[in-house]
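An overview of the molecular structure
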Protein chains: 6
Amino acid sequence: MKRIVVYPGTFDPVTFGHLDVIERSLKLFDKVVVAVTTKSSKKPLFSLKQRVVLLKQCTAQFNRVEVKSFSGLLVDFTKKQKAEAIIRGLRELSNFEVEFQQAIVNRKLAPSFETVFIATSPKYFHLNSTMVKEIASMHGRVDCFVPKPVLLALNKKFK
Amino acid sequence: MKRIVVYPGTFDPVTFGHLDVIERSLKLFDKVVVAVTTKSSKKPLFSLKQRVVLLKQCTAQFNRVEVKSFSGLLVDFTKKQKAEAIIRGLRELSNFEVEFQQAIVNRKLAPSFETVFIATSPKYFHLNSTMVKEIASMHGRVDCFVPKPVLLALNKKFK
Amino acid sequence: MKRIVVYPGTFDPVTFGHLDVIERSLKLFDKVVVAVTTKSSKKPLFSLKQRVVLLKQCTAQFNRVEVKSFSGLLVDFTKKQKAEAIIRGLRELSNFEVEFQQAIVNRKLAPSFETVFIATSPKYFHLNSTMVKEIASMHGRVDCFVPKPVLLALNKKFK
Amino acid sequence: MKRIVVYPGTFDPVTFGHLDVIERSLKLFDKVVVAVTTKSSKKPLFSLKQRVVLLKQCTAQFNRVEVKSFSGLLVDFTKKQKAEAIIRGLRELSNFEVEFQQAIVNRKLAPSFETVFIATSPKYFHLNSTMVKEIASMHGRVDCFVPKPVLLALNKKFK
Amino acid sequence: MKRIVVYPGTFDPVTFGHLDVIERSLKLFDKVVVAVTTKSSKKPLFSLKQRVVLLKQCTAQFNRVEVKSFSGLLVDFTKKQKAEAIIRGLRELSNFEVEFQQAIVNRKLAPSFETVFIATSPKYFHLNSTMVKEIASMHGRVDCFVPKPVLLALNKKFK
Amino acid sequence: MKRIVVYPGTFDPVTFGHLDVIERSLKLFDKVVVAVTTKSSKKPLFSLKQRVVLLKQCTAQFNRVEVKSFSGLLVDFTKKQKAEAIIRGLRELSNFEVEFQQAIVNRKLAPSFETVFIATSPKYFHLNSTMVKEIASMHGRVDCFVPKPVLLALNKKFK
């Protein structure tokens, strides 16, 4: 039996923290579907298409990873992928509450899926996409936060 | 490939909250090894042997669950079980910090295992073994917290 | 002596979680004034008038509940209602900090009122109006989150 | 209709923080029953009898306050007092989790009672009985933390 | 050796809480550079110039305080000031997570600076600029939250 | 003017996390007095004398660090050292509440001292003495948690 997990997010842009979660997920599941959401509470810096392309470039070395975009309910997308679970990375306390609440609601909407959480590596605790964009916009160095393709894309945006 | 997960704890005694985690784990893994620890910060109410027996009675209906006791480091036990992950249930914020720290330390001791967390059902958020024992010791009703075999064992202890 | 409590909020729209708080308040006070605020940090989905009407429909069975809208300072409104307290529901940790800070400020502005908190039922912990609107906007099922009149109003908005 | 509330605790010893909660409770309820628990996770400094006497001395000015000791389940004691609610003071985040969990369990044991929380005055946030005892044991000044009768009792213990 | 600390913020407007942090900083450092940021997630009520002027008026009595505005990365500004540290006030738990994450990121960008935190006085825990503006906009009293020059400026804005 | 800071703790035993705080403190203050407390909520593994000796060995390279033991109130000890501040390391959220409360109480006992907090390096977030002792007692590897002299002392205890 093949076990599939969905890893949803905005990925605006993908960081080393996200890649850390993807790698750990591959140890637990047979396939990881990275699901880039079309909706977002704030206007994204990168278009949906750009975010998908960057993710594909940064996960090219993993042959059990697929990158897709989705709209509508996450649980509907998950069902269509024939996945058994949704995975989310936790960075100490900072995002726990929101993640947990979302997991409980998703279970109510679709009791057959589980949301599983894994601890991000401590060296990525401080890392989120918003901060990366803010630092890059002021021409600070972000090469320790994001992989090469994202670095180039950020430099292009903010030069 | 068969995926095995270890679910460690004191289980003094097992509650509906623990059984909820075991059932959810079975959806994600091929085998769940419930690992009853011999060490404990406070003196347990039930002996190690009693705790194992109660767990076996309460999980008899699941043929992919094994109950074992262990001493020494959890990561050593996990390796011996040929497991890929350790699973822990989260009850909103109350136990998150401790669980998270333990996961980071275990990863440091044995980088090849992941700790995965799943959200306990909201109806079990309030539930922990300490509270169950306290209520039972004052002859309050605990039948909504623990399964039948545990109920009988508690009544016997506190009659 | 008749004790009156004010239950303030945006109620955009009212959910089963809000109704749970109203019912519990009725056990502690002689009258509950549900106070719908005109100000809001984000543009509401339902107009003030619609929110008040929905609340009236959903609380019609309680004859000690009044629904009113208010602008200006909550403490001024509370004084005008001859109320003794403000009541707020707590959903585990998620909204505690903000609620607590507001209570301390309100006490500073009007030391004669108390803010009292009550625990929402665990089955409503995950529930908030924002999530309900998001799910409804993607045509997910929300009948387990909101009462009938709200369900009809949401369907009309998002069909 | 007369509304009665139970305010439970160890009160080892009573502090200005506890008295703050009692005074605020009197605004919301017709009678406050201060309930001193006989059980305690650690050995108390003052005997049950001493704790009750100190509480009586410190609340002598309020004629709607009663001080009693209780053993067994809090909800059983509450029923016997014909009370409608249990009240607890909150000091920012520090004790919220434990208080909340206890409230949910008590509601499960006795659905007819509510636990209500009120915010302690900010000037008492830092204050708890354990700290007071520790400082007093090293002959630090605690007159800004506890009322006169408690001060004398502490001095007697630690001289 | 002269020790300089930077105290960054939006200060829209400066409150008694901010002044409390400045006074405490003066005990630990030889000079405090108050750094008013030009960027802000929401549109400020007061212009950058107004915010700087109000801060200068409110700190005129301290001859070791300088008020400056800055744009770009905080760590670059800190370096230019020949400062050794960045200071931030903590109000119990409410702002800890965000502050901590920012400190870790700033250390990554510039390992030679430390971020130090000090506890704001409990009487200012509840206090933040957003709340002050909200209350003032509804003509509530804010004289216990902000110094005289700010009070006048707020009255002028909202009359 | 020479600035002195006191860094108090149990240090049972000293870890890389503690040494990280000491090194950072040296950037901000002219002298760091490491203060080993004689009181402890649980029985320490190492005697007071051993803990002081281990700290001296591990800080021998810093000529502005002094190691002392103290009993009684921390604020009294701090005064005797002619120190201006107490410093404490923060590991994300896990120990914030307790540290903060202690700081507020110490300020009440001695308003002239400040408690300053600094963020421990993320790689030491997971690290505390209790965990180190637990792992060492089960013969797990702790060489990434503690310096050489402590490693030898632990091996001797648990061989």
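Just so you know, these numbers come straight off a predicted model, no measurement behind them.

Further remarks concern the overall build of chain A. Within chain A one finds six helices and five strands. In chain A, the succession of helices and strands from N to C terminus is β-α-β-α-β-α-β-α-β-α-α. With 159 residues in all, chain A has 63% of them scored as buried. For chain A, the accessible area works out to roughly 6,800 Å², and carbon and sulfur atoms hold 54% of it. In chain A, the 27 positive side-chain charges and the 13 negative ones have mean positions that sit 7 Å from each other.

Here we come to the environment of F:A103. All names here are of chain F. Along the chain, the position of A103 falls in helix α4 (residues 96-109). C-alpha separation for the pair A103 and I87, spaced 16 residues apart in sequence, amounts to 9.8 Å. Among all residues touching A103, those that are not within four sequence positions of it are T115 and F117.

This next bit is on a positive patch on the surface. On the surface, a cluster of positive charge is contributed by A:K43, A:K156, A:K157 and A:K159. Taking relative accessible area as the criterion, A:K159 reaches 81% and is therefore assigned exposed.

With that settled, the discussion passes to the interface of chain A and chain B. Each partner contributes residues to the interface: chain A has 29 residues there, and chain B has 29 residues. Interface area for chain A against chain B, summed over the two sides, is near 2,600 Å², with a carbon-plus-sulfur share of 58%. On the chain A side of the interface with chain B, the three residues burying the most area are A:R3, A:L28 and A:F100, jointly 23% of the side's total. Across the chain A-chain B interface, the total number found is six salt bridges. Across the salt bridge formed by B:R24 and A:E114, the nearest N and O atoms sit 2.7 Å from each other. On the surface where chain A and chain B come into contact, there are 13 residue pairs in polar contact (both at pLDDT 80 or more). Mapped by element, the contributors of at least two residues to the side of chain A that touches chain B are α1 (16-28), β4 (85-90), α4 (96-109) and β5 (114-119) of chain A. When residues in the side of chain A that touches chain B are grouped by element, the largest group, six residues, is from β5(A). Of the residues in the side of chain A that touches chain B, the class split is 15 nonpolar, four polar and ten charged. The pairing of β5(A) with strand β5 (residues 114-119) of chain B spans three bridges and is classified as antiparallel. Counted as the bridge partner of A:V116 is B:I118 from β5(B).

Superposing chain C onto chain A takes a rotation of 120° combined with a translation of 0.0 Å along the rotation axis, leaving an RMSD of 0.0 Å. Taken together, the turn and the small shift mark the pair as related by a three-fold rotation axis.

Okay, the relation of the copies chain A and chain B next. Turning one copy of the chain about an axis and sliding it along that axis gives the other copy, so a rotation and a shift relate them. For the pair chain A and chain B, the superposition axis carries a translation of 0.0 Å, the fit reaches an RMSD of 0.0 Å, and the rotation angle comes to 180°. Look at the turn and shift together and you get a two-fold axis relating the two. Measuring from the rotation axis to each C-alpha of chain A, the shortest distance belongs to A:F117, at 2.4 Å. Of all interface residues in chain A, 100% are interface residues in chain B too; the two copies therefore contact each other through one and the same surface.

The interface of chain C with chain A comprises 16 residues on the first partner and ten residues on the second. Taking both partners together, chain C and chain A bury about 1,100 Å²; carbon and sulfur atoms supply 70% of that area. Counting the surface chain C buries against chain A, the share from its top three residues, C:H126, C:M131 and C:M138, is 49%. At the junction of chain C with chain A, the criterion picks out one salt bridge.

Moving on, we come to the confidence of the model for chain A. Residue and element names in this part refer to chain A. On average, residues of chain A score 90 in pLDDT, and 96% of them are at 70 or above. For chain A, α4 is the element with the lowest average pLDDT, namely 79, and helix α2 (residues 48-58) is the one with the highest, namely 98. Our summary of model confidence lists the complex with pTM equal to 0.90 and ipTM equal to 0.89.

Next up on the list: helix α6 (residues 148-158) of chain A. Residue and element names in this part refer to chain A. Buried within α6 we find V150, L151, A153, L154 and F158. Looking down the long axis of α6, one finds its buried residues gathered within 165° of arc, a one-sided arrangement. Opposite the buried face of α6, by more than 90 degrees, sit the exposed residues K148, L152 and K156.

Sheet strands pair by backbone hydrogen bonding; their relative direction is either parallel or antiparallel. Spatial ordering of the open sheet is given by β3(E)-β2(E)-β1(E)-β4(E)-β5(E)-β5(F)-β4(F)-β1(F)-β2(F)-β3(F), a layout of ten strands whose pairing is mixed. Edge positions in the open sheet fall to β3 (65-70) of chain E together with β3 (65-70) of chain F, since each of these has one partner strand only. Looking at each pair of strands side by side, their axes are set apart by 35° on average, direction ignored. Looking at chain direction, strand β4 (residues 85-90) of chain E and strand β5 (residues 114-119) of chain E are connected through six bridges and run parallel. Note that in β5(E) the partner of E:A85 across the bridge is E:E114.

Residue and element names in this part refer to chain D. Applying the stated criterion across every chain yields a total of 18 aromatic pairs over all chains. On the basis of an interplanar angle of 80° and a centroid distance of 5.3 Å, the ring pair of Y7 and F11 is categorised as edge-to-face. For F11, a relative accessible area of 3% puts it in the buried group.

So, about unusual backbone geometry. Between A:D12 and A:P13 the backbone carries a cis peptide bond, its omega angle lying at 0°. As for its position among the elements, A:P13 is in the loop between β1 (4-9) and α1. One non-glycine residue, A:H139, lies in positive phi territory at about 65°. Of note, A:H139 is situated in the loop between α5 (129-137) and α6. One non-glycine residue, C:K82, lies in the positive phi region at around 55°. Under the relative-accessibility criterion, C:K82 is labelled exposed at 66%.

Our focus in this paragraph is the side chain of D:S129. Residue and element names in this part refer to chain D. With respect to the helices and strands, the residue S129 is situated in helix α5 (residues 129-137). Exposure remark for S129: the relative accessible area of 14% places this residue in the buried category. Polar side-chain contacts of S129 include one of 2.9 Å to the backbone oxygen of P13. In contact with S129, other than residues within four places in its own chain, are D12, P13, T15 and H18.

The next subject is the sheet that holds strand β2 (residues 31-37) of chain C. With mixed pairing, the ten strands of this open sheet are ordered in space as β3(C)-β2(C)-β1(C)-β4(C)-β5(C)-β5(D)-β4(D)-β1(D)-β2(D)-β3(D). The sheet terminates laterally at β3 (65-70) of chain C together with β3 (65-70) of chain D, the two strands that pair on one side only. This sheet shows a mean twist of 35° between the axes of neighbouring strands, independent of strand direction. Sitting on the sheet, helix α2 (residues 48-58) of chain D touches β2 (31-37) and β3 of chain D, and the angle it makes with β2(D) is about 155°.

Summarising burial for β5(B): six of the six residues are buried, a large majority. In β5(B), alternate side chains face the same way, and those of B:E114, B:V116 and B:I118 on one face and B:T115, B:F117 and B:A119 on the other are all buried.

Moving on: the pattern of salt bridges. Between side chains of opposite charge, a pair can form when the charged atoms approach closely. Scanning all chains against the criterion turns up 66 salt bridges over all chains. With a closest N to O distance of 3.2 Å, B:D20 and B:R24 form a salt bridge. Of this pair, B:D20 and B:R24 both sit in helix α1 (residues 16-28), four residues apart, which is roughly one turn of that helix. As far as burial versus exposure is concerned, B:D20 and B:R24 are alike and both buried. Here D:E114 ties to D:R107 by a salt bridge, and the two come within 3.2 Å at their closest N and O atoms. Classification of D:R107 as buried rests on a relative accessible area of 12%.

Cut-offs used in this document
Residues numbered from 1 in each chain as written. Chains lettered and ligands numbered in written order. Predicted model: local features only at pLDDT ≥ 70, side-chain atom pairs only at ≥ 80, totals over all residues. Heavy atoms only, no water. Helix = DSSP H or I, 4+ residues; strand = E, 2+ residues; numbered from the N terminus. Buried < 20%, exposed > 50% of the residue type's maximum accessible area, 1.4 Å probe, protein only. Areas by Shrake-Rupley, 256 points an atom, 1.4 Å probe, with all protein chains shown as cover. Lys, Arg positive; Asp, Glu negative; His and termini not counted. Charge placed at Lys NZ, Arg CZ, Asp CG, Glu CD. Contact = heavy atoms within 4.5 Å. Patch = residues over 30% accessible without salt bridge, like charges linked within 9 Å, V, L, I, M, F, W, Y side chains within 5 Å. Salt bridge = Lys/Arg side-chain N within 4 Å of Asp/Glu carboxyl O. Buried area = accessible area lost by both parts, 1.4 Å probe. Polar contact = N/O pair within 3.5 Å; in protein donor to acceptor, adjacent residues only side chain to side chain. Nonpolar A, V, L, I, M, F, W, Y, C, P; charged D, E, K, R; others polar. Pairing = 2+ DSSP bridges. Least-squares fit on C-alpha atoms with pLDDT ≥ 70 in both. pLDDT = per-residue confidence, 0-100. Arc of directions from axis to C-beta. Axes fitted to C-alpha atoms, helices over the stretch in contact; angles between N-to-C directions. Phe/Tyr/Trp six-rings, centres within 6.5 Å; stacked < 30°, edge-to-face > 60°.

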